[in-house]
Amino acid sequence: MAGRAQDTAGGQTSVQVSQEGKEVYEQICQACHMADAKGGGAAGAAVPALAGNPKLADKDYPITLLLKGRGGMPWMTDLLTPAQMAAVINYVRGHFNAFPGTVTEADIKRVSSAPPPVRECNTCGM
């Protein structure tokens with residue numbers, strides 16, 4: 001069953017969000033990213049916000065995070081199926097943001113077979 005994501009209070013968007021994505025978020029992601037997806041934590045241990053996060057506009061970005069982890073974010077390949085990954089990414093991109101486009105299982109498989117992303121800094125070590 002698909003719901004509608006809210007753009008603003010009282011508004012709706014055409015971005016579809018699935019019940020499965022909501023359930024995965026509430027059962028797994030919410031523990032760190034919080035119910036409102038605004039993250040939190042003290043300096044040095046901060047959990048990034050998913051709500052209003054412009055990096056999520058690129059649908060490959062959250063796929064890479066779920067597949068390969070980053071910082072304190074563990075990879076989710078042992079915990080979630082490709083269908084569940086797609087569902088939760090679509091939920092986060094549609095419910096807490098208003099990014100168009102749908103992530104599919106094929107997208108998850110495409111990114112999983114791609115070379116690892118290049119690090120953002122050249123002094124981070126290998």
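See the structure shown above.
Break down helix 1 (residues 19–33) for me, with residues and values.
The end-to-end C-alpha separation of helix 1 is 18 Å, well short of the 21 Å expected for 15 residues at 1.5 Å each. Along helix 1, the helix axis deviates most sharply at Glu26, where the bend reaches about 45°. Within helix 1, the full set of buried residues consists of Gly21, Val24, Tyr25, Cys29 and His33. One or two residues past the end of helix 1 sits Met34, with phi positive at roughly 75°.

How would you explain the environment of Val47 if you had to name every residue and give the values?
Summarising the element assignment, Val47 is placed in the loop between helix 1 and helix 2 (60–68). Residue Val47 is classed as partly exposed on the basis of its relative accessible area of 24%. Between the C-alpha atoms of Val47 and Met73, which are 26 residues apart in sequence, the distance is 8.7 Å.

Go over the packing of aromatic side chains, please, and point to the residues and values.
One pass over the full model with this rule turns up 3 aromatic pairs. Aromatic side chains Tyr25 and Tyr91 sit 5.9 Å apart centroid to centroid with 45° between the ring planes, which places their arrangement in the tilted category. Residue Tyr25 is located in helix 1, and its partner Tyr91 is located in helix 3 (residues 82–95); the two are separated by 66 residues in the primary sequence. Grouping residues by exposure puts Tyr25 and Tyr91 together as buried. Considering the side-chain rings of Tyr25 and Phe96, the 5.1 Å spacing of their centres and the 50° angle between planes classify their relative orientation as tilted. Of this pair, Tyr25 sits in helix 1 while Phe96 sits in the loop between helix 3 and helix 4 (105–112), placing them 71 residues apart in sequence.

Scoring rules and cut-offs
- Residues numbered from 1 in each chain as written.
- Predicted model: local features only at pLDDT ≥ 70, side-chain atom pairs only at ≥ 80, totals over all residues.
- Heavy atoms only, no water.
- Helix = DSSP H or I, 4+ residues; strand = E, 2+ residues; numbered from the N terminus.
- Expected span 1.5 Å × (residues − 1).
- Bend = angle between axes of the 7 residues up to and from the residue.
- Buried < 20%, exposed > 50% of the residue type's maximum accessible area, 1.4 Å probe, protein only.
- Phe/Tyr/Trp six-rings, centres within 6.5 Å; stacked < 30°, edge-to-face > 60°.

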